[in-house]
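# Reading the structure
This is what each chain is made of:
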Amino acid sequence: MDHRLSSEHEELRRTVEEFAHDVVAPKIGDFYERHEFPYEIVREMGRMGLFGLPFPEEYGGMGGDYLALGIALEELARVDSSVAITLEAGVSLGAMPLHLFGTEEQKAEWLPRLCSGEVLGAFGLTEPDGGSDAGATRTTARVDEATGEWVINGTKCFITNSGTDITGLVTVTAVTGRSPEGKPQISSIIVPSGTPGFTVAAPYSKVGWNASDTRELHFDDVRVPAANLLGEQGRGFAQFLRILDEGRIAIAALATGLAQGCVDESVKYAKERHAFGRNIGSYQAIQFKIADMEMKAHTSRLAWRDAASRLVSGEPFKKEAALAKLYSSTIAVDNAREATQIHGGYGFMNEYPVARMWRDSKILEIGEGTSEVQRMLIARELGLTG
Ligand SMILES: Cc1cc2nc3c(=O)[nH]c(=O)nc-3n(C[C@H](O)[C@H](O)[C@H](O)COP(=O)(O)OP(=O)(O)OC[C@H]3O[C@@H](n4cnc5c(N)ncnc54)[C@H](O)[C@@H]3O)c2cc1C
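Residues numbered from 1 in each chain as written. Predicted model: local features only at pLDDT ≥ 70, side-chain atom pairs only at ≥ 80, totals over all residues. Heavy atoms only, no water.

## A look at helix α4 (residues 81-101)
The end-to-end C-alpha separation of α4 is 28 Å, in line with the 30 Å expected for 21 residues at 1.5 Å each. Of all bends in α4, the biggest is about 45°, found at alanine 95, and the proline proline 97 comes one to four residues later. For α4, the capping residue at the N-terminal end is aspartate 80, with a side-chain oxygen 3.0 Å from the backbone nitrogen of serine 82. (Helix = DSSP H or I, 4+ residues; strand = E, 2+ residues; numbered from the N terminus. Expected span 1.5 Å × (residues − 1). Bend = angle between axes of the 7 residues up to and from the residue. Polar contact = N/O pair within 3.5 Å; in protein donor to acceptor, adjacent residues only side chain to side chain.)

## Concerning the side chain of serine 266
Looking at where serine 266 falls in the secondary structure, it is placed in helix α6 (residues 236-272). According to the relative accessible area criterion, serine 266 is buried, its value standing at 0%. Every residue in contact with serine 266, bar those within four places of it in the chain, is listed here: Ile290, Met293, Ala339, Ile342 and His343. (Buried < 20%, exposed > 50% of the residue type's maximum accessible area, 1.4 Å probe, protein only. Contact = heavy atoms within 4.5 Å.)

## Focus on α6
With 37 residues, α6 should reach 54 Å at 1.5 Å per residue; the first-to-last C-alpha distance of 53 Å fits that figure. Where burial is concerned, most of α6 is hidden: 28 out of the 37 residues are buried.

## So, the environment of phenylalanine 240
Locating phenylalanine 240 in the fold gives a position in helix α6. For the pair phenylalanine 240 and leucine 377, spaced 137 residues apart in sequence, the C-alpha to C-alpha distance is 15 Å. Leaving out residues up to four positions away in the same chain, phenylalanine 240 has contacts with Phe123, Leu125, Ala134, Gly135, Thr173 and Ile186.

## Some points on unusual backbone geometry
With phi around 65°, asparagine 161 is a residue other than glycine that occupies positive phi space. Counting through the fold element by element, asparagine 161 comes out in the loop between β3 (150-160) and β4 (167-178). Asparagine 161 sits in the buried class, given a relative accessible area of 0%. Although it is not a glycine, glutamate 368 sits at a positive phi angle of roughly 50°. Looking at the secondary structure, you find glutamate 368 in the loop between α9 (353-361) and α10 (371-381).

## Focus on the packing of aromatic side chains
A complete count under the given rule lists 7 aromatic pairs for this structure. Look at phenylalanine 198 and phenylalanine 219: their rings are 4.9 Å apart centre to centre, the planes differ by 10°, and that puts the pair in the stacked class. Note that phenylalanine 198 is positioned in strand β6 (residues 198-200) and phenylalanine 219 in strand β7 (residues 214-224), a separation of 21 residues in sequence. For the pair formed by phenylalanine 198 and phenylalanine 219, the shared burial category is buried. With a centroid separation of 6.3 Å and an interplanar angle of 90°, the aromatic rings of tyrosine 269 and tyrosine 352 are classed as edge-to-face. Remark: tyrosine 352 occurs in the loop between α8 (318-342) and α9 and tyrosine 269 occurs in helix α6; sequence separation between them is 83 residues. (Phe/Tyr/Trp six-rings, centres within 6.5 Å; stacked < 30°, edge-to-face > 60°.)

## Brief notes about the packing of α8 against α9
With their axes 9 Å apart at the nearest point, α8 and α9 run at an angle of 150° to one another. In terms of orientation, α8 and α9 fall into the roughly antiparallel class. Considering how the two elements wind past one another, α8 and α9 form a crossing that is left-handed. Here α8 contributes Ala332, Val333, Ala336, Arg337, Ala339 and Thr340 to the contact with α9, which in turn contributes Val354, Met357, Trp358 and Ser361. For the contact of α8 with α9, the per-class residue count stands at 7 nonpolar, 2 polar and 1 charged. (Axes fitted to C-alpha atoms, helices over the stretch in contact; angles between N-to-C directions. Parallel < 35°, antiparallel > 145°, perpendicular 65-115°, else oblique. Left-handed = near helix turned anticlockwise from the far one by under 90°. Nonpolar A, V, L, I, M, F, W, Y, C, P; charged D, E, K, R; others polar.)

## A word on the pairing of strand β2 (residues 140-143)
Moving residue by residue along a regular strand, the side chains alternate between the two faces of the sheet. Where β2 meets β3, 4 bridges bridge the pair, whose relative direction is antiparallel. Residue pairing for β3: alanine 141 is matched across the bridge by isoleucine 152. (Pairing = 2+ DSSP bridges.)

## Structural notes on the site of the ligand
By nearness alone, 18 residues border the ligand, and Thr126, Gly131, Ser132, Phe158 and Thr370 come closest of all. Within the backbone of glycine 131, a nitrogen or oxygen atom sits 2.7 Å from an oxygen atom of the ligand. Within the backbone of glutamate 368, a nitrogen or oxygen atom sits 3.4 Å from an oxygen atom of the ligand. Here the shell around the ligand gets 3 residues from one element, more than from any other, and that element is β3. The residue makeup of the shell around the ligand, split by class, is 9 nonpolar, 7 polar and 2 charged. Residue assignment places the shell around the ligand across two domains, with domain 2 (122-233) and domain 3 (238-381) each supplying three or more. (Near = heavy atom within 4 Å. Domains from an automatic or database assignment.)

## Here's the deal with the domain arrangement of the protein chain
As far as domains go, the protein chain holds domain 1 (7-120), domain 2 (122-233) and domain 3 (238-381). Between domain 1 and domain 2, the C-alpha centre-to-centre distance is 23 Å. Taken together, the contact between domain 1 and domain 2 spans 28 residues of the former and 24 residues of the latter. Across the domain 1/domain 2 interface, buried area totals approximately 2100 Å², and carbon plus sulfur atoms make up 65% of it. When residues of domain 1 are sorted by the area they lose upon contact with domain 2, Tyr39, Trp110 and Leu120 head the list and together hold 26% of the total. Along the contact surface separating domain 1 from domain 2 lie 0 salt bridges. Where domain 1 meets domain 2, there are 9 residue pairs in polar contact (both at pLDDT 80 or more). Elements that contribute at least two residues to the side of domain 1 that touches domain 2 include exactly α1 (7-33), α2 (39-47), α4 and α5 (104-116). (Buried area = accessible area lost by both parts, 1.4 Å probe. Salt bridge = Lys/Arg side-chain N within 4 Å of Asp/Glu carboxyl O.)

What follows is the structure, encoded as structure tokens:
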């Protein structure tokens, strides 16, 4: 398999790299410090077509693929992870469920606006009582026999892109019945923002990703039309497994970007900073650290591109996606720690991008499946069960 980019993918990479340096880098630090969602940057990303990258042109997408999405995420995260996760969640969690499982009417209604970035979508799976064990969902949805509507009750937590001024919908998983053996039957339902009874809490105070939107959501007798069911009733579990398998590739690309950003910043700093009469980059201890960081970012890139290539060509990719997510998130944390060390005291100052990268790295080992969950998936794919 050739992991070098086609000319189209390379052109996309260069365009996003330029955007990240010229538009994101000069502004994002202030948004981050103010814990503010960067609407003007997100609007620009929409104009560039980034939210429509892997979707068909008939719905306003760019007609690209998951590799294209990963390339864009990697280049954005080299500079900043808040904007990268806004794109990742908007595409993989917000729009992709509609694209994969939606009816023609649902796609026609939502995809053009999601692809243009005019509205953001979110995916509400995690609940206060559990995220890894997502099958233990407590949110319920029942059909009101008189009106045919779904009536939803429950709480979701840590939901990305769910409370911005441009959030249009949240797809939520809910228990819609029980199997004859008493197992919960989970379904996915589209809840438009502003539906009565659907309330969005204030943004969390987070360790990182401070210019991205994360909220707790409450559903109190929320009524939506029967037509808002996404795909078949009872297929919610299978749907989110698929969404998360794909999402892991996207998070792996994002983590690779963060890891590479740590290399970029460290090389620059090591050439500028002097100690004991020489620049610190002339000391082998620093050189070796940076060489190891580059090795990890490079290997991580090969891993996510391999998983993405398998997805694009229709081959099984579950194990490779889990491997890529596990590896890239681990080395993103490693690289962020080393980059901060190389920057000395300045690495602890928020005005330096590596400080932001350090704060943004830890969540990569938690979101869209913790590292333990990735190990469980890999072991299962190797035939180890129980
Ligand atoms: C900033 C942010 C954004 C997020 N965005 C979204 C979003 O958009 N949509 C969404 O649905 N969710 C989102 N999440 C939730 C995220 O996916 C969950 O936090 C994650 O899946 C872990 O779930 P949990 O927090 O409930 O931890 P738990 O599942 O309670 O896990 C706690 C610890 O126990 C370990 N553990 C659990 N089970 C096992 C086991 N069987 N064996 C070994 N170890 C185990 C875990 O690995 C972890 O270390 C977001 C979270 C954050 C912090």
